[in-house]
Amino acid sequence: MIIKSLELLDYRNYHRLQMNFDRGTNILYGDNAQGKTNILESIYVCATTKSHRGSRDREMIRFDQEESHIRLFIERDAIEHKIDIHLKRNKTKGAAIDGIPIKKSSELMGMLNVVFFSPEDLTIIKNGPAERRHFIDMELCQLNRVYLHDISNYNKVVSQRNNLLKQSWYQESLKSTLDVWDEQLVRYGIRVIKEREKFIRQLNALIRPIHSKLSGGKEVLELRYEPGVTEEAFEETLFMRRENDLKLKTTSVGPHRDDMGFYIDNINVRKYGSQGQQRTAALSLKLAEIDLVKLFIKDTPVLLLDDVLSELDSFRQNYLLESISRIQTVITCTGLDEFINNRFNIDKVFKVKDGSIENQQQEVKNER
């Protein structure tokens, strides 16, 4: 799976942009605030329909414009495809695959598999559980359409149930309809719990040898699924907490309260691990994610690295770059010295400045 080319129109700080990618390592370099991350974001939007930053559609449209277009040409299983995303300031986004509009954004999921790695991912362990749930959900949604259906429905039910809990404060008769929503919550919630359990088991098998190498064989890393409630106890616990939910006007039971724990030799890394241990565990997680995607799709994902190398020491930089040598990668950075000095393979280089792109390939070859 590779990206062949990208076209942007009135996207973020780009008026018009067209760039062709190499199958190997593509580097976008330039000063901060020039638009490097915006290119990675546009690719991520084509893969997931969402910004990795959590930005709204209108925030991705160029200033003083009403619409923005992203067009991505990819190759999957030796067949070329075109993904079009049409962002509108005051309307729902539009999307098309090979020129055919899709009715639901979920139809796009899995068309292009990407793994996005930013400096924020290095803090995923010490941050709140919402970020770890988001990691699980975004990966599973790209790999498993059934999970995408179940988690979408589950989230809708939680939202509708919460609205009902708030309305019932003023309209007592609405409480009688809670049984209907609870039944759906349990049905979809149990499916979500089962798939998350399976996902973390699969990740565990991949992350242990990776982390062992990164730690010099000194540590054993284990991921643990920490559900808000078990599937066996879900229905009963939900019923027992109903009065409490009515008082708080929110749903307190279910997989929307789940977490994922990181343990080194049975010690909770989030609570007791050093910053170095937390960052190494986070790097292990992203590398295991790449391997898991390979396992699922029988192909390699596209890797997007957003200025991550500057956050890693030389050993971890080397390990990361060696691990992704056979994967199409788009890397953003502020300079090329580390790549050139360490003679890392560079297939294509772009200089990003003030919303424009300049191909620097020949210049870099001469330096090397």
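Residue positions are counted from 1 within each chain, in the order its sequence is given. pLDDT decides what is reported in this predicted model: residues at 70 or higher carry local features, side-chain atom pairs at 80 or more are listed and counted, and totals for whole chains, interfaces and linings draw on all residues regardless. Just so you know, side-chain values use all the structure's heavy atoms and leave hydrogens and water out.

**Q** Please clarify how the layout of surface pockets should be interpreted in this entry.
**A** Note on definitions: the grid is 1 Å and covers protein atoms alone; a cavity is a set of points where a 1.4 Å probe fits but cannot get out; a pocket is an open set with protein on both sides within 12 Å along at least five of seven lines; lining residues have an atom within 4 Å of a point. Grid points are joined across faces, edges and corners, and a volume is the space filled by probe spheres set on the points. Quantified by volume, the largest pocket comes out at close to 680 Å³. Looking at the largest pocket, it is lined by 30 residues, and the ones nearest its centre are His52, Phe116, Ser118, Glu120 and Asp121. Those elements giving two or more residues to the lining of the largest pocket turn out to be helix H1 (36–48), strand S8 (114–117), helix H2 (129–143), helix H8 (275–297) and strand S13 (329–333). Element by element, the count of residues in the lining of the largest pocket is highest for H2, at six residues. For this scheme, ten residues count as nonpolar: Ala, Val, Leu, Ile, Met, Phe, Trp, Tyr, Cys and Pro. Four count as charged, namely Asp, Glu, Lys and Arg, and the remainder, Gly too, count as polar. Class assignment for the residues of the lining of the largest pocket results in ten nonpolar, ten polar and ten charged. Of the pockets and cavities examined, the second largest pocket occupies roughly 460 Å³. If you go around the second largest pocket, you meet 22 residues; those closest to its centre are Lys50, Met138, Cys141, Ile151 and Asn155. Secondary structure elements are defined from DSSP: runs of H or I of at least 4 residues count as helices, runs of E of at least 2 residues count as strands, and each element is numbered from the N terminus. Looking at the lining of the second largest pocket, the elements that each hand over two or more residues are H1, H2 and helix H3 (145–167). Across the lining of the second largest pocket, the residue classes tally to eight nonpolar, ten polar and four charged.

**Q** Quick question: what am I supposed to make of the state of the cysteines here?
**A** As used in these notes, a disulfide is a covalent bond between sulfur atoms, one from each of two cysteines. Any two cysteine sulfur atoms lying within 2.5 Å of each other are counted as a disulfide. Evaluation of the coordinates by the stated rule reveals zero disulfides. Unpaired in terms of disulfides, cysteine 141 finds its nearest cysteine sulfur in cysteine 46, a separation of 18 Å. Under the scheme applied here, a residue whose accessible area is under 20% of the maximum for its type counts as buried, over 50% as exposed, and between as partly exposed, the area being computed with a 1.4 Å probe on protein chains only. Classification of cysteine 141 by relative accessible area gives buried; the value is 8%.

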